[in-house]
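Structural features, examined
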Amino acid sequence: MRYGSTLRRNREIMDVGTTERSATAAALEEILAEELQAPPRPIESHEMLADLPGWDSVSMSCVVLAIERHFEVQFSGDELEALSDFGALVATVDAKRAA
């Protein structure tokens, strides 16, 4: 499971983190705010996506499509199932962009 180990490594890096938000995290926060029709705000890596105001199955589809367009990536079904929190989302997008 190469994907799982890459995701874990990226999440460990993000958890050690820096005081600066990554460009990926900032862009994802903007996409989430726009698609969920909510004011933009910093999102912590441990925040569950399903707990974001406005999150439901329809908004999830819209968010995924907006992320795929913005970053020019495509998610597999397995990757989508693994996206539980914001940190996992950032790590997955970073890993896909690096590939």
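Here the structure is a predicted model, which is why all the values come from computation and not from measurement.

Definitions and limits used
Residues numbered from 1 in each chain as written. Predicted model: local features only at pLDDT ≥ 70, side-chain atom pairs only at ≥ 80, totals over all residues. Heavy atoms only, no water. Core = buried A, V, L, I, M, F, W, Y, C linked by side-chain atoms within 4.5 Å. Buried < 20%, exposed > 50% of the residue type's maximum accessible area, 1.4 Å probe, protein only. Helix = DSSP H or I, 4+ residues; strand = E, 2+ residues; numbered from the N terminus. Contact = heavy atoms within 4.5 Å. Expected span 1.5 Å × (residues − 1). Polar contact = N/O pair within 3.5 Å; in protein donor to acceptor, adjacent residues only side chain to side chain. pLDDT = per-residue confidence, 0-100. Salt bridge = Lys/Arg side-chain N within 4 Å of Asp/Glu carboxyl O.

**Some words on the nonpolar core**
In globular proteins that are soluble, nonpolar side chains generally tend to be buried together. Among the nonpolar cores identified, the biggest contains 23 residues, and Leu28, Leu32, Ile67, Phe71, Phe86 and Leu89 are the most heavily contacted of them. Elements represented by at least two residues in this core include exactly helix H2 (23-35), helix H3 (57-71) and helix H5 (86-98). With residues up to four places along the chain from it excluded, the contact list for isoleucine 67 reads Leu28, Ile31, Glu72, Val73, Phe75, Leu89 and Val93.

**Some remarks on unusual backbone geometry**
The backbone of glutamine 37 shows a phi angle near 50 degrees, a positive value even though the residue is not glycine. Locating glutamine 37 in the fold gives a position in the loop between H2 and H3. Notably, glutamate 72 is not glycine yet its phi reads approximately 55 degrees, a positive angle. Among the structural elements, glutamate 72 can be located in the loop between H3 and helix H4 (77-82).

**Side note on H5**
Compared with the 18 Å implied by 1.5 Å per residue over 13 residues, the 18 Å span of H5 between its first and last C-alpha is a close match. Two or three places before glycine 87, at the start of H5, stands the capping residue aspartate 85, its side-chain oxygen 3.2 Å from that residue's backbone nitrogen.

**Comments concerning the confidence of the model for the protein**
Here the protein shows a mean pLDDT of 85. Residues at 70 or above account for 80%. For the protein, per-element mean pLDDT is lowest for helix H1 (residues 2-16), which scores 45, and highest for H2, which scores 97. Below a pLDDT of 50 lies the segment residues 1-19, which in the model reaches 18 contacts outside its immediate sequence neighbourhood of four places, other chains included.

**A closer look at the pattern of salt bridges**
Taken as a whole and judged by the stated rule, the model has two salt bridges. Arginine 41 serves as the salt-bridge partner of glutamate 47, at 2.8 Å between the closest nitrogen and oxygen. A salt bridge links lysine 96 to glutamate 79; its shortest N-O distance comes to 3.1 Å. Of this pair, lysine 96 sits in helix H5 while glutamate 79 is found in helix H4, placing the two residues 17 residues apart along the sequence. For lysine 96, a relative accessible area of 24% translates into the label partly exposed. A relative accessible area of 9% places glutamate 79 in the buried class.

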